[in-house]
Structures are given as C-alpha cells and as structure tokens.
Amino acid sequence: MALDNADYIFYEASTSPLHRDHIILHEISHMLLGHTTATGTDPGADLTGLFTSIDPRTVRNVLGRANFSSPQEREAEQLATRIAKAAKLQSMAEDRAPELDRLDAALRGEEI
C-alpha cells in the first residue's frame, strides 16, 4: 500500500518465512518496476464509506492487485523470483527432511 510518506506491505501472519519473504519481494518488485495498479480499473464494488480515512485511489491500487494474470503481476513475480534466487533465500528450518530440500531445489529449477 503506497501512501504519501510510506509504503506498507501486508502478508498473512501464519504464512511460512519463505513465503513471507517472497510476498515482500513481490511487492518491492512492483515498486522497483514503477507499477502503480495492476489493471487501472475499478475493483468492481462500490467501496464508498467502507474506507473513509483512506484515499479511494489507494484502495483501488491495493484491491486491483488481485489479478495475477496481468503483465504487471507476472513481471513482479518474475523479478521477485530472480531476486530470491540471487540472494539464495531459502527456508531457515534446521531439521528439515531431505525430501523438502530436493523439492525446493526442483521448484527453483536447480539440479538435484
């Protein structure tokens, strides 16, 4: 959520650390790529009165990010994945089953 003086990134509190990091990188990727909205269209519902202290443009920007098939969402997802790979982000679990390590490697496209 981009406000005048700060940007806020929200994620589900119960998500895994690896997923949390990816969500944050995805949203930072939107910022780095200069994305302002996913579609530039109204989210489809009349939200007047629901968010009285938030600029309606901000509400539309946040809710507009639900369309993951848009070019901006794909670009942000690709950049987030590249940053995570370059930073070698991985789960911090110490006592992980080797099957999970192989699955992580396969999902990242690495040799097993």
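First, a word on what this report is: a plain description of the structure on this page. Quantities reported herein were computed from a predicted structural model and do not represent experimental measurements. (Residues numbered from 1 in each chain as written. Predicted model: local features only at pLDDT ≥ 70, side-chain atom pairs only at ≥ 80, totals over all residues. Heavy atoms only, no water.)

**Points about the overall build of the chain**
Right, so step 1: The helix and strand tally for the chain stands at 4 helices and 0 strands.
Right, so step 2: When the elements of the chain are put in sequence order from the N terminus, they spell out α-α-α-α.
Right, so step 3: Burial statistics for the chain: of 112 residues in total, 17% are counted as buried.
Right, so step 4: Residue pairs at least 24 apart in sequence account for 66% of intrachain contacts in the chain once pairs closer than 6 positions are excluded.
Right, so step 5: For the chain, the accessible surface area stands at approximately 8400 Å², while carbon and sulfur atoms represent 55% of it. (Helix = DSSP H or I, 4+ residues; strand = E, 2+ residues; numbered from the N terminus. Buried < 20%, exposed > 50% of the residue type's maximum accessible area, 1.4 Å probe, protein only. Contact = heavy atoms within 4.5 Å. Areas by Shrake-Rupley, 256 points an atom, 1.4 Å probe, with all protein chains shown as cover.)

**A short note on the packing of aromatic side chains**
Right, so step 1: Summed over the entire model, instances satisfying the criterion amount to 1 aromatic pair.
Right, so step 2: Relative to F10, the ring of Y8 has its centre 6.5 Å away and its plane inclined at 25°; by these criteria the two rings are stacked. (Phe/Tyr/Trp six-rings, centres within 6.5 Å; stacked < 30°, edge-to-face > 60°.)

**A closer look at the side chain of H26**
Right, so step 1: Within the element layout of this structure, H26 appears in helix α1 (residues 17–32).
Right, so step 2: Side chain to side chain, H26 and E77 meet in a polar contact 2.8 Å long.
Right, so step 3: Apart from the residues lying within four places of it in its own chain, the contact partners of H26 are E73, A76, E77 and A80. (Polar contact = N/O pair within 3.5 Å; in protein donor to acceptor, adjacent residues only side chain to side chain.)

**So, the environment of Q78**
Right, so step 1: For Q78, the location among the structural elements is in helix α3 (residues 71–86).
Right, so step 2: Separated by 49 residues in the primary sequence, Q78 and S29 have C-alpha atoms spaced 8.8 Å apart.

**Some words on α1**
Right, so step 1: Its 16 residues give α1 an end-to-end C-alpha distance of 22 Å, which sits within 8% of 22 Å, the value for a rise of 1.5 Å per residue.
Right, so step 2: I23, L25, H26, S29 and H30 are the residues of α1 that are buried. Looking down the long axis of α1, one finds its buried residues gathered within 165° of arc, a one-sided arrangement.
Right, so step 3: Check the buried side of α1 and you find it contacts α3.
Right, so step 4: In the segment just after α1, G34 is the residue with positive phi, at about 75°. (Expected span 1.5 Å × (residues − 1). Arc of directions from axis to C-beta.)

**Structural notes on the pattern of salt bridges**
Right, so step 1: Here the structure, examined in full by the defined rule, presents 1 salt bridge.
Right, so step 2: A salt bridge links R20 to D21; the shortest N-O distance between them is 3.0 Å.
Right, so step 3: The exposure class assigned to R20 is partly exposed, which follows from its relative accessible area of 27%. (Salt bridge = Lys/Arg side-chain N within 4 Å of Asp/Glu carboxyl O.)

**Structural notes on a nonpolar patch on the surface**
Right, so step 1: Taken together, the side chains of M1, L3, Y8 and F10 make up a nonpolar region of the molecular surface, amounting to roughly 400 Å² of accessible area.
Right, so step 2: Its place among the elements puts L3 in the segment before α1. (Patch = residues over 30% accessible without salt bridge, like charges linked within 9 Å, V, L, I, M, F, W, Y side chains within 5 Å.)

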